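Structure at a glance
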Amino acid sequence: GDRIGTHEIHRVVAAFNGGFKLNYGSVGFMADGRVAVPLKSGLGSIVTYKDGATQIGAWHEGVPASGLGVASVLQNLHLLVDHRVMASSVASCIRSCWGWTLGGGSEVARSALGIRSDGQLVWAAGKHLSPAAIGQGLVGAGAVRAVELDINPEWIAGYLYVHHGGVPTAVPVVPGQFGIPGRLLTPYGRDFFTILAN
């Protein structure tokens, strides 16, 4: 949906921005059997299975796992980190490989999602980051594979949700982040991820 829905509102723990707009080119998206943009072999893919597990890898080169039903796939560029090693293009091909930035700079607000060898997800974001800097942060946090998500301050935001009976309070993860109007509790026009408690 376009916001954290009524079936999620009392279980949401965290939420954060998704990837590039679907018309960017090096993206793909499928959810609940519906394909918005065809999936492409080799692209960095965040795969969520019907049992709730999530994996990150290159499409048809590690994901999807056989025998597990796929609930959704978000593809965004190629893997930023693979086997704990950053992509070779993080320093030499910044804008054309890792996204055009507002104002043309290489160090902007960036976000990425990685996965550790124990299956734990790691969301990374911050202001004034190059692809190499966010990749180094993810490797330092133990990520074995990672996908860059959206970039530029207008679209980078993560929230932790504090529950106190009614609608939860969204607390920004990144201090001073530009933020998303409504903090994903009201309609929003771009994709995002939610983390739910069982």
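All values derive from a computational prediction rather than experimental measurement. (Residues numbered from 1 in each chain as written. Predicted model: local features only at pLDDT ≥ 70, side-chain atom pairs only at ≥ 80, totals over all residues. Heavy atoms only, no water.)

**Points about the nonpolar core**
In terms of nonpolar packing, the biggest core is built from 19 residues, with Phe20, Leu80, Val90, Trp98, Ala112, Ile134 and Leu138 touching the most fellow members. Apart from the residues within four sequence positions on either side, Phe20 is in contact with Val27, Asn76, Leu77, Trp98, Gly99, Glu148, Leu149, Asp150 and Ile151. Within the second largest apolar cluster, 14 residues are counted, among which are Ile56, Ala58, Leu79 and Phe193. (Core = buried A, V, L, I, M, F, W, Y, C linked by side-chain atoms within 4.5 Å. Buried < 20%, exposed > 50% of the residue type's maximum accessible area, 1.4 Å probe, protein only. Contact = heavy atoms within 4.5 Å.)

**Thoughts on the packing of aromatic side chains**
Applying the stated criterion across every chain, the model contains four aromatic pairs. Their ring planes at 65 degrees and their centres at 4.6 Å tell us that Phe20 and Tyr24 sit as a pair that is edge-to-face. Exposure remark for Phe20: the relative accessible area of 6% places this residue in the buried category. Ring centres 6.4 Å apart and planes at 50 degrees place the aromatic pair Tyr159 and Tyr161 in the tilted group. Take Tyr159: its relative accessible area is 2%, and that puts it in the buried class. For Tyr161, a relative accessible area of 7% corresponds to the buried category. Through a chain of ring-to-ring contacts, the aromatic side chains of Phe16, Trp123 and Phe193 assemble into a single cluster. (Phe/Tyr/Trp six-rings, centres within 6.5 Å; stacked < 30°, edge-to-face > 60°.)

**A look at the sheet that holds strand E1 (residues 12–17)**
The four strands lie next to each other as E13-E12-E1-E14, forming an open sheet whose pairing is antiparallel. Looking along the sheet, the strands with just one partner apiece sit at the ends: strand E13 (169–172) and strand E14 (192–196). Taking each pair of neighbouring strands and ignoring which way they run, the sheet shows an average axis angle of 25 degrees. Note: E1 against strand E12 (residues 158–162), three bridges, orientation antiparallel. (Pairing = 2+ DSSP bridges. Helix = DSSP H or I, 4+ residues; strand = E, 2+ residues; numbered from the N terminus. Axes fitted to C-alpha atoms, helices over the stretch in contact; angles between N-to-C directions.)

**Regarding the sheet that holds strand E3 (residues 34–37)**
An order of E3-E2-E6-E4-E5 is seen for the five strands of this open sheet, with the pairing classed as antiparallel. Because the sheet does not close on itself, it has two edges, and the strands there are E3 and strand E5 (54–58). Strand-to-strand twist in this sheet, taken as the mean axis angle between neighbours without regard to direction, amounts to 20 degrees. Examined bridge by bridge, strand E4 (residues 44–49) and strand E6 (residues 70–76) share five bridges and lie antiparallel to one another. Pairing of Ile46 across the sheet is with Leu74, part of E6.

**A few points about helix H2 (residues 131–140)**
Turning to H2, its buried residues number three or more, namely Pro131, Ala132, Ile134, Gly135 and Leu138. Summarising the axial view, the buried residues of H2 lie within an arc of 165 degrees, below the 170-degree limit, and thus occupy one face. Remark: Gly142 follows H2 within two positions and exhibits a positive phi of approximately 95 degrees. (Arc of directions from axis to C-beta.)

**Side note on the pairing of E4**
Extensive coverage of E4 is indicated by the burial of six of its six residues. A two-sided burial pattern is seen for E4, the buried positions comprising Gly44, Ile46 and Thr48 on one face and Ser45, Val47 and Tyr49 on the other. Of the strand pairs in this sheet, E4 and E5 are connected by five bridges, and their pairing is antiparallel. Bridge pairing links Thr48 to Thr54 in E5. Hairpin remark: E4 followed by E5, antiparallel, with four residues in the connecting loop; positive phi at Gly52, about 95 degrees.

The values are spatial; any link to function lies outside them.
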